[in-house]
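# Structural description and commentary
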Amino acid sequence: MNDHRKLGRELRLFDTDPLIGAGLPYWLPDGAAVRHALEEYVREAERRAGYRHVYSPVLGKRELYEISGHWEHYSEDMFPPMDLGAEQVVLRPSLCPHHAVIFRSRGRSYRELPLRMAELGPMFRAELSGVLGGLTRVRSIQLNDAHIFCRLDQVADEVRGALGMIRDAYRALGIDAARYRLSLPGEGGKYVKDPELWRRANALLVEVLEESGIRYEQADGEAAFYGPKIDVQVVDSAGREATLSTVQVDFHQPARFDLSYIGPDGQRHRPVMVHRAVIGSVERAVAHLIETHGGAFPTWLAPVQLLVLPLSDAQLPDAEALVSQALALGLRAELAAPDQGTLGSRVRAGRLVPYRAVLGPAESATGRLALRPRTGEQLPPEPAEAALRRILADVP
Ligand SMILES: [Zn+2]
């Protein structure tokens, strides 16, 4: 069984330090490389799907969250406000309010809808120190978030599109959804009181789930405070279930922020907000990837994609040149020089690297490489550039 906390330390992906604080992991170069590849995948998938990216600040005035409803419904998960002169600012508990404000920063026309606004940005949750550990319960969260502002009759298509992106991403990442959950409100004051709003949003989500033939289960008390959601659940190595991806329908925040667009009739109309996260939090996604793959990441995600092993010091200059060539082509490549041990021990140390290239006298003389994939087979010798391009092509 793979515990991401143990593997993360062994593989030098991330760590924590009591001086920085509980629930505040830092990323080491190999972990940062995985995270970077994942974030680039998401940004590119979003770009292809018609999203535009923004950056918004990690702080906001208390008033922003009073308007959004977080202050009333979500404050127990928020850090205490900071006094700054006459005002109070808050580490944001979500990105939605910032995006709503960006939407209303100028007049909008129906022609701009659906307007898909994405951001991979930090948000903060005041987790108690007792439940913190590894990457799954953290206080600073990098969220793959997006908000789609659209007409009511566009919501179903947007929800379908988001579910399609989630499905594609899971395929590329080599992970499986444990189940789809329709998360509904429960009892108590955590949820916005507006039965009609809940009924309409719920009906839209159910419609898409039923049409898509997705099997799902309902869960009371798991909704966002402002609306119901479809959660894509994964299971960790200890059998614990967690939400990775989510799609939510929200009528509440558009009203709170008085969002509007001008319709073909020249009148003001209220858009709906669809909140969605394809891989959810980057921390939790990487934790799940570590556990699923046991550190043997798919090539496009691997911290090092090619390990170059010269047989002896005589091949060292050619090996260094090959690493440079690979880096220039866009690969993550490293040298395992003879001073790091016998060839056998260097191969063992690099067993999780997707491709190895051993350089002996023959390879040096001919400039040809026989790549050895992690899977055990041996590819025929080919010109170095062709071999490197083969690795580059091993992406989703
Ligand atoms: Zn949101």
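Residues numbered from 1 in each chain as written. Predicted model: local features only at pLDDT ≥ 70, side-chain atom pairs only at ≥ 80, totals over all residues. Heavy atoms only, no water.

### Concerning the overall build of the protein
Of the regular secondary structure elements, the protein holds 13 helices and 21 strands. Projected onto the principal axes, the alpha-carbon positions of the protein cover approximately 75 × 50 × 45 Å. Residues classed as buried in the protein amount to 51% of the 396 residues present. Counted over contacts in the protein with a minimum sequence separation of 6, partners at least 24 positions apart contribute 71%. Here the protein displays about 18,400 Å² of accessible surface, and carbon together with sulfur accounts for 51% of that area. (Helix = DSSP H or I, 4+ residues; strand = E, 2+ residues; numbered from the N terminus. Buried < 20%, exposed > 50% of the residue type's maximum accessible area, 1.4 Å probe, protein only. Contact = heavy atoms within 4.5 Å. Areas by Shrake-Rupley, 256 points an atom, 1.4 Å probe, with all protein chains shown as cover.)

### Let's talk about the environment of H269
Relative to the helices and strands, H269 is located in strand 14 (residues 268-269). For the pair H269 and A172, spaced 97 residues apart in sequence, the C-alpha to C-alpha distance is 39 Å. Here H269 is in contact with L259, S260, Y261 and G263, once residues within four sequence places are set aside. Engagement of the side chain of H269 in a polar contact is seen with the side chain of D265, the distance being 2.9 Å. (Polar contact = N/O pair within 3.5 Å; in protein donor to acceptor, adjacent residues only side chain to side chain.)

### Here's the deal with the side chain of Q315
Along the chain, Q315 turns up in the loop between strand 16 (306-310) and helix 10 (316-329). Here the side chain of Q315 touches L311 through a polar contact of 3.5 Å, landing on its backbone nitrogen.

### Points about the sheet that holds strand 6 (residues 87-91)
Strand pairing in a sheet relies on backbone hydrogen bonds. The paired strands run either parallel or antiparallel. Read from one edge to the other, the open sheet built from three strands follows the order 4-6-5, with strand pairing classed as antiparallel. In this open sheet, the two strands that pair with only one neighbour each are strand 4 (59-61) and strand 5 (82-84). Averaged over all pairs of adjacent strands, the angle between strand axes in this sheet comes to 40 degrees, irrespective of strand direction. Note that strand 4 and strand 6 share three bridges and pair antiparallel. The residue bridging L59 from the neighbouring strand is L91, located in strand 6. (Pairing = 2+ DSSP bridges. Axes fitted to C-alpha atoms, helices over the stretch in contact; angles between N-to-C directions.)

Function-wise, these values are silent; they only describe arrangement.
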